[in-house]
Amino acid sequence: MDEIRIPNDATYAPFSLTDIIATAPLASRLLLGATLPGRVLSAAALGVYAGSAVQDWIVRRDMRWIDFSKEFGCDIKTLDEMPESARRDEVERLAARLDDGFTAERIPRAELAVSVNEHLTEYMAGITGQRVYTSSEVRDFTLAKLIFPFAMGVCDVVSGDVALFRDTGIFEPHVICHEFVHRKGYWKELHAQALSYMALMSSGDPVLIQSALAERLHRQLKVIAGEDHQAYHDLVDSLSMRSELKDEMHSLRPDAGVYESSVSVVMKRLYDERLKLTGQNGLSDYDLGFTNFLWTFSKSPRARQEARHAAF
Ligand SMILES: [Zn+2]
């Protein structure tokens, strides 16, 4: 099989290069009373960062991209609306399936990242006929955490750097896989949600499958509840599902602190605008778009991929 290797050099740096670029001059003024060492370090980090991005870009020119319309019968702007009754029916079935297949097993993050990356690479290769190898490095911290307090993880689309901001419980395989789809070069959110879901579902690993199903349930509940936090929690409580799973679903909508909630309101609006400016539907692609995608794909008469990939 055809294969390419994207170097992702920036992801192997001991610290996030964007953090060094942004903070080294200030840190050096505070620590040494002089900005010059910091500026030198900042410039050096910028050089490595840019060099890594250019290298990745050169290799990516040989990538075979997934044509979503052809493979799944729909794409970001051609989704059918899933009816509310079908959503509620799916929620019941997802809860039952999650409860049946429940596993408390947790895989350490570094090991999990390698496994998820392998399954994602194989899944995508099954569609394109090309294996795209990428880094499996994941950071625990970047300054982006302060800017996107509502996010569970981020991927710097220029360098491919991925950071997870907290322990995301049973959702961790999905969060990592979603960011790894970006790292492979697909920066649209609907594509990351969809490819992550299907790669994990096709893995055969109960921990990964549980994560994909939990994310699908979480997104359905978010669509049904809208912005109403209490409605979300009430829906979770009404499910026929063991308490371990309910606790995981509840933990995704914690009561935000003052900093998180005020920053989130502003940043979410900006982020939503940015998504719309780049040919996406907005933040709704994470939940409404994602669930509509699986719905449309499952009913498409012209998708090249088998509709059973959207079933569970
Ligand atoms: Zn994303």
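Since the structure is predicted, the reported quantities are computational estimates derived from the model, not experimental observations.

Here is what the cut-offs are and how they apply
Residues numbered from 1 in each chain as written. Predicted model: local features only at pLDDT ≥ 70, side-chain atom pairs only at ≥ 80, totals over all residues. Helix = DSSP H or I, 4+ residues; strand = E, 2+ residues; numbered from the N terminus. Rg over C-alpha atoms; globule rule 2.2 N^0.38 Å. Buried ≥ 20, exposed ≤ 12 C-beta atoms within 10 Å, placed from the backbone. Contact = placed C-beta atoms within 7 Å. Core = buried A, V, L, I, M, F, W, Y, C linked by C-beta atoms within 7 Å. Domains from an automatic or database assignment. Nonpolar A, V, L, I, M, F, W, Y, C, P; charged D, E, K, R; others polar. Arc of directions from axis to C-beta.

A. Up close: the overall build of the protein chain. Each helix and strand in the protein chain was counted, giving 13 helices and four strands. For the protein chain, whose C-alpha radius of gyration is 20 Å, the value lies close to the compact-globule estimate of 20 Å for 312 residues. The C-alpha extent of the protein chain, read off along each of the three principal axes, is 65 × 50 × 40 Å. By the burial criterion, 37% of the 312 residues in the protein chain qualify as buried. Sequence separation of 24 or more characterises 68% of the internal contacts of the protein chain that already satisfy a separation of 6 or more.

B. Local environment of the nonpolar core. Leu98, Val116, Ile176, Cys177, Leu195, Leu200 and Phe293 are the most contacted members of the largest nonpolar core, which totals 60 residues. When sequence neighbours within four positions are dropped, the list of residues in contact with Val116 reads Pro173, Ile176, Cys177, Phe180 and Leu208. Counting residues in hydrophobic clusters, the runner-up holds six residues, among them Ala10, Leu17, Ile20 and Ala45.

C. Representation of the domain arrangement of the protein chain within the structure. Per the domain assignment, the segments of the protein chain are domain 1 (1-62) and domain 2 (67-310). Relative to domain 2, the C-alpha centre of domain 1 lies at a distance of 28 Å. Taken residue by residue, the interface counts 20 residues in domain 1 and 21 residues in domain 2. Taken together, the elements giving at least two residues each to the side of domain 1 that touches domain 2 come down to strand 1 (2-5), helix 1 (17-32) and helix 2 (36-60). Per element, the largest residue contribution to the side of domain 1 that touches domain 2 is five residues, and it comes from helix 2. Here the residues of the side of domain 1 that touches domain 2 are counted per class, giving nine nonpolar, five polar and six charged.

D. View of the environment of Arg87. Examined against the element boundaries, Arg87 turns out to sit in helix 4 (residues 84-100). Classification of Arg87 by C-beta neighbours within 10 Å gives partly exposed; the count is 17. It is 20 Å that separates the C-alpha atoms of Arg87 and Glu248, two residues lying 161 residues apart in sequence.

E. Spatial organisation of the environment of Phe171. Here Phe171 shows up in the loop between strand 4 (162-164) and helix 7 (172-183). Measuring from C-alpha to C-alpha, the distance between Phe171 and Glu248 comes to 8.3 Å, with 77 residues separating the pair along the chain.

F. Structural context of helix 11 (residues 243-251). Within helix 11, the full set of buried residues consists of Leu245, Glu248 and Met249. Across the axial projection of helix 11, the buried residues extend over an arc of 95°, all falling on one side. Facing away from the buried side of helix 11 by more than 90 degrees, the exposed set consists of Ser243 and Asp247.

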